[in-house]
Amino acid sequence: MRGRSEPPGQEETDMTDQHVIEVRPEIAARAHADAARYGAMYEAAKRDPQAFWAEQARRISWMRPPTRIKNTDFTGDVTIRWYEDGTLNAAATCLDRHLAERGDQVAIIWEGDDPGTSRRVTYRELHAEVCRTANVLKSLGVKRGDRVTIYLPMVVEAAVAMLACARIGAIHSVVFGGFSPDSLAGRIQDCGSTVLITADEGRRGGKRVPLKTNADAAVAACPTIRHVLVARVTGGDVPMQAGRDVAWPEAMAAASPDCPAEEMGAEDPLFILYTSGSTGKPKGALHTTGGYMVWASFTHQYVFDYQPGEIYWCTADVGWVTGHTYIVYGPLANGATTIMFEGVPNYPDAGRFWQVVDKHAVNIFYTAPTAIRALMREGDAHVTKHSRKSLRILGSVGEPINPEAWLWYHHVVGEQRCPIVDTWWQTETGGILISPLPGATRLKPGSATLPLPGVMPLLVDADGKTLEGAAEGNLCIADSWPGQMRTVFGDHERFRQTYFSTYPGLYFTGDGARRDADGYYWITGRVDDVINVSGHRMGTAEVESALASHPKVAEAAVVGFPHDVKGQGIYAYVTLKEGIEPTEALRKELVAWVRREIGPIASPDAIQWAPALPKTRSGKIMRRILRKIAANETEGLGDTSTLADPAVVEQLVENRAGG
Ligand code: WTA
């Protein structure tokens, strides 16, 4: 697995800042940005953000072009407004404006879970489906500003549903199809959706996912839902409730294909996406229209160096922000051909990604480190038996990519031809903030490298002091960029508190990072109580509260621990109620319980029975210690003298789960 012609010259696990991969001249020659252009853009955006972003606004279509560009303030109440006097429609900028020039170009290639199935949808066809669906939503009473929850698998209908909402000015809230009925219900209740869009069933890795059944269970607890619009994916027989449930294909066939796009203000909401934080329930990150669309288009074009006619594939699910910005809005705004993949990387075998790359002649491929690590374990033959000659650019997102996985991706998958863009960003940021540009940036395996134009990263220490030069600290952003989330839906104070109160005047990301002597950023991971499991964000508090709701559990504490494939795994310490015996059966029951409460992505990887949890005298759980025990770093547990009962720690160390 060691690099074949570019030996790192030292242990890969001991990579230093010195391992540099030069920009490839053939990429730089035709790229949207080479090093000089990147530098000039960065300086221009810093010197005069108003002028720079006024110019960039032209990349999308406006009904009334904006004259007021940036109006943002990270202090006080925190106000973030971009392009505030402009009007537009996100669906029109993704579809209508392409019709004249590329109406017959394929907008979406859908690749099914079953390798024998795929579908190609042109811009013209997509436009027609979106318009019809928008009319169906109108007929169900959906109006501008209403919320619509979307709970769909990876089918074309998911993109159609999002764009249909955008077309009529409704705010979509997409909920990942792997979430449980309870999680879905919580997200519907929080934003008060009136319509839920789902499917009969989903397909994944040869199995079926009972979406409609889950949706029915959720809707039972959601009195605001008036209608459920049901896509036909598997054709499975599912119960339809008369008066409430509507079969999408029939409704669409009866609907008019003519639906004028609603004129929206740039700061009108486009979507809500729920994301986990360190405390409480997931929050509804609210993104608005103008700035988000400019950011999606700008970053998709520059980071992936998207060139007209190229086939672009992001393997994410539309249930996450990566799917929103880099499967739907960014690529479609840029008139790209974007792939939607229904399946999983290892079905029918571990060569699936590369088989699909060859089948559709994919040029740009964007996936997550967890998938790369999982495939790396299966051996190179699954990769090398496919040609991959169409590949030009490779991307990574979701969690830090370890240098070993980076090098394997670069050497084996990309045959050293393809620059890797390791893109750092968050649900909150709307799009990529720190990433190489393929034709501009020298690469270092494991580093997200440099900020995009308009992004002002800052490292601060625990006291909020700004660190200069090479340093390690908490990653903040000093000023707003157009794609930033505007508020937490229905709770602006929570927004201010969560992101702007730790270091007043700065946006705090929740991530730690190191900056090397070249100014390159190396993201070290979350510094709060959020864990990142296979690139999925999970609040430890959510898993704890799911465990604590089990009748036999007295208390639970959850931490992340290093996991070879998932990046981080979920490690739960569980204290049972008085008189309850810890058994293997109960352990399994608790894992199943969490799966049912939240979804399979929240399944604990390890459960350790804890007679008691280490707490300070004031009753605060010492997570630092629990994290170390879970990571099997029991040598330097640090100061335990502030604990109410230091003996608890020894007991936990002795009984560590998983050895
Ligand atoms: C992590 C996903 C290192 C980070 C787009 C961030 C990364 C969280 C990277 C956001 C990367 C994402 N390198 N860490 N390239 N990309 N992260 O909201 O901890 O699902 O705060 O957005 O993922 O996760 P989210």
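Conventions used here
Within each chain, residue numbers correspond to sequence positions counted from 1 in written order. With pLDDT at 70 or above as the cut-off, local features in this predicted model cover only qualifying residues; side-chain atom pairs require 80 or more to be listed or tallied, and sums for whole chains, interfaces and linings still use all residues. The side-chain values count all of the structure's non-hydrogen atoms but skip hydrogen atoms and water molecules. Pairing between two strands requires that DSSP report at least two bridges joining them. Helix and strand labels come from DSSP, where a helix needs a run of H or I of at least four residues and a strand needs a run of E of at least two; each type is numbered from the N terminus. Angles here are taken between N-to-C directions and fall from 0 to 180 degrees, while the axes themselves are lines fitted to C-alpha atoms, restricted in helices to the stretch in contact. For every domain, the bounds stem from an assignment made automatically or drawn from a database. What makes a salt bridge here is a side-chain nitrogen of Lys or Arg within 4 Å of a carboxyl oxygen of Asp or Glu, nothing more. The definition of a polar contact used here is a pair of N or O atoms within 3.5 Å, where within protein one atom must be able to donate a hydrogen and the other to accept one, and adjacent residues in sequence count solely through side-chain atom pairs. What we call a nonpolar core is a set of buried Ala, Val, Leu, Ile, Met, Phe, Trp, Tyr and Cys residues that are connected through their side-chain atoms within 4.5 Å. When accessible area is computed with a 1.4 Å probe and restricted to protein chains, residues below 20% of their type maximum are described as buried, those above 50% as exposed, and intermediate ones as partly exposed. Residues are treated as being in contact if the distance between any of their heavy atoms lies within 4.5 Å. UniProt positions are given in the numbering used here, feature names are shortened, and annotations may be inferred rather than shown by experiment. A pair of Phe, Tyr and Trp rings is counted when the ring centres sit within 6.5 Å of each other, with Trp represented by its six-membered ring. The angle between the planes then sorts it: under 30 degrees is stacked, over 60 is edge-to-face, the rest tilted. Proximity is defined per residue: if any heavy atom of the residue lies within 4 Å of a molecule or strand, that residue is considered near it. Residues are grouped as follows: Ala, Val, Leu, Ile, Met, Phe, Trp, Tyr, Cys and Pro are nonpolar; Asp, Glu, Lys and Arg are charged; every other residue, Gly included, is polar. Crossings are classed by handedness, with left-handed meaning an anticlockwise turn of the near helix from the far one by less than a right angle and right-handed meaning a clockwise turn.

Thoughts on the sheet that holds strand β16 (residues 311-314)
Strand order in the open sheet formed by seven strands is β5-β4-β17-β16-β18-β19-β20, and the pairing between neighbours is mixed. Of all the strands in the sheet, just β5 (118-122) and β20 (420-423) have a single pairing partner and so form its edges. Sheet twist, expressed as the average angle between the axes of neighbouring strands with direction ignored, equals 20 degrees. Sheet topology note: the strand β4 (residues 106-111)/strand β17 (residues 337-341) ladder contains four bridges and is parallel.

With respect to the domain arrangement of the chain
With domains assigned, the chain is organised as domain 1 (25-514) and domain 2 (534-655). Each of domain 1 and domain 2 has a C-alpha centre, and these two points are 33 Å apart. Counting the contacts that link domain 1 with domain 2 gives two salt bridges. At the boundary of domain 1 and domain 2, one finds twelve residue pairs in polar contact (both at pLDDT 80 or more).

Here we look at the nonpolar core
Residues L126, L163, I197, Y329 and V574 are the most contacted members of the largest nonpolar core, which totals 166 residues. Each of domain 1 (25-514) and domain 2 (534-655) contributes no fewer than three residues to this core. The contact partners of I197, leaving out residues within four places of it in the chain, are L137, V148, T149, I150, Y151, L152, A161, L229 and W248. Counting residues in each nonpolar core, the second largest holds 32 residues, with F341, I372, L375 and W406 among its members.

Concerning the UniProt feature "domain: AMP-dependent synthetase/ligase" (unreviewed entry) in the chain
Per the UniProt record, the feature "domain: AMP-dependent synthetase/ligase" (unreviewed entry) sits at residues 96-479. Helix makes up 32% of residues 96-479 and strand makes up 23%, while its end C-alpha atoms are separated by 33 Å.

Looking at the packing of aromatic side chains
Taken as a whole, this structure holds 37 aromatic pairs when the rule is applied. Ring centres of F271 and Y329 lie 6.4 Å apart, and the angle between their planes is 5 degrees; this geometry places the pair in the stacked category. With F271 in strand β14 (residues 269-275) and Y329 in helix α11 (residues 321-333), this residue pair connects regions lying 58 residues apart in the sequence. Here the two residues F271 and Y329 agree in accessibility, since each one is buried. An angle of 80 degrees between the planes, with centres 6.0 Å apart, marks the rings of Y326 and Y366 as edge-to-face. One end of the pair, Y326, is in helix α11; the other, Y366, is in strand β18 (residues 364-367), and 40 residues separate them in sequence.

A look at the site of the ligand
Close to the ligand lie 17 residues, the nearest being D422, T423, T427, D511 and R537. Between a nitrogen atom of the ligand and a side-chain N or O atom of D422, the distance comes to 2.7 Å. Between the ligand and the protein, one listed contact pairs an oxygen atom with a side-chain N or O atom of R537 at 2.8 Å. Mapped by element, the contributors of at least two residues to the shell around the ligand are α11, β20 and β26 (521-526). Split into classes, the residues belonging to the shell around the ligand amount to six nonpolar, six polar and five charged.

Focus: the UniProt feature "binding site: Mg(2+)" (unreviewed entry) in the chain
The sites that carry the UniProt feature "binding site: Mg(2+)" (unreviewed entry) are, in the present numbering, H550 and V553. Residues contacting H550, with those up to four places away along its chain left out, are L586, E589, L590 and W593. Tracing the sequence through the fold places V553 in strand β29 (residues 553-563). Aside from chain neighbours lying at most four places away, what touches V553 is L547, A548, V574, T575, L576, K577 and L590.

Focus on the pairing of β4
Counting buried positions along β4 yields six of six residues, so the element is predominantly enclosed. The sheet contact formed by β4 and β5 spans five bridges and is antiparallel. Note on β5: the bridge partner recorded for I109 is R120. Here β4 hands over to β5 after six residues, the two strands then running antiparallel side by side.

Re the side chain of T234
With respect to the helices and strands, the residue T234 is situated in the loop between β11 (227-231) and β12 (245-247). Overall, T234 belongs to the buried group, its relative accessible area being 17%. Beyond its immediate chain neighbours, meaning those up to four positions away, T234 contacts D200, E201, G202, R203 and R208.

Focus on the packing of helix α5 (residues 123-139) against helix α6 (residues 156-168)
Direction vectors running N to C along α5 and α6 enclose 60 degrees, while the axes themselves pass 8 Å from each other. For the element pair α5 and α6, the recorded crossing hand is right-handed. Counting all contacts with α5, which are made through L126, H127, E129, V130, C131, T133, A134, L137 and K138, the residues of α6 involved are V156, V160, L163, A164, C165, R167 and I168. In terms of residue class, the contact of α5 with α6 is built from eleven nonpolar, two polar and three charged.

Thoughts on the sheet that holds strand β8 (residues 195-199)
Pairing is mixed across the open sheet formed by eight strands, whose spatial order is β12-β11-β8-β6-β7-β14-β15-β24. Each edge of the sheet is formed by a strand with only one pairing partner; in this case those strands are β12 and β24 (487-488). Sheet topology note: the strand β6 (residues 147-151)/β8 ladder contains four bridges and is parallel. Opposite Y151, over in β8, you have T198 as the bridge partner. Packed on one face of the sheet, helix α7 (residues 181-191) meets β6, β7 (171-174), β8 and β14 and runs near 165 degrees to β6.

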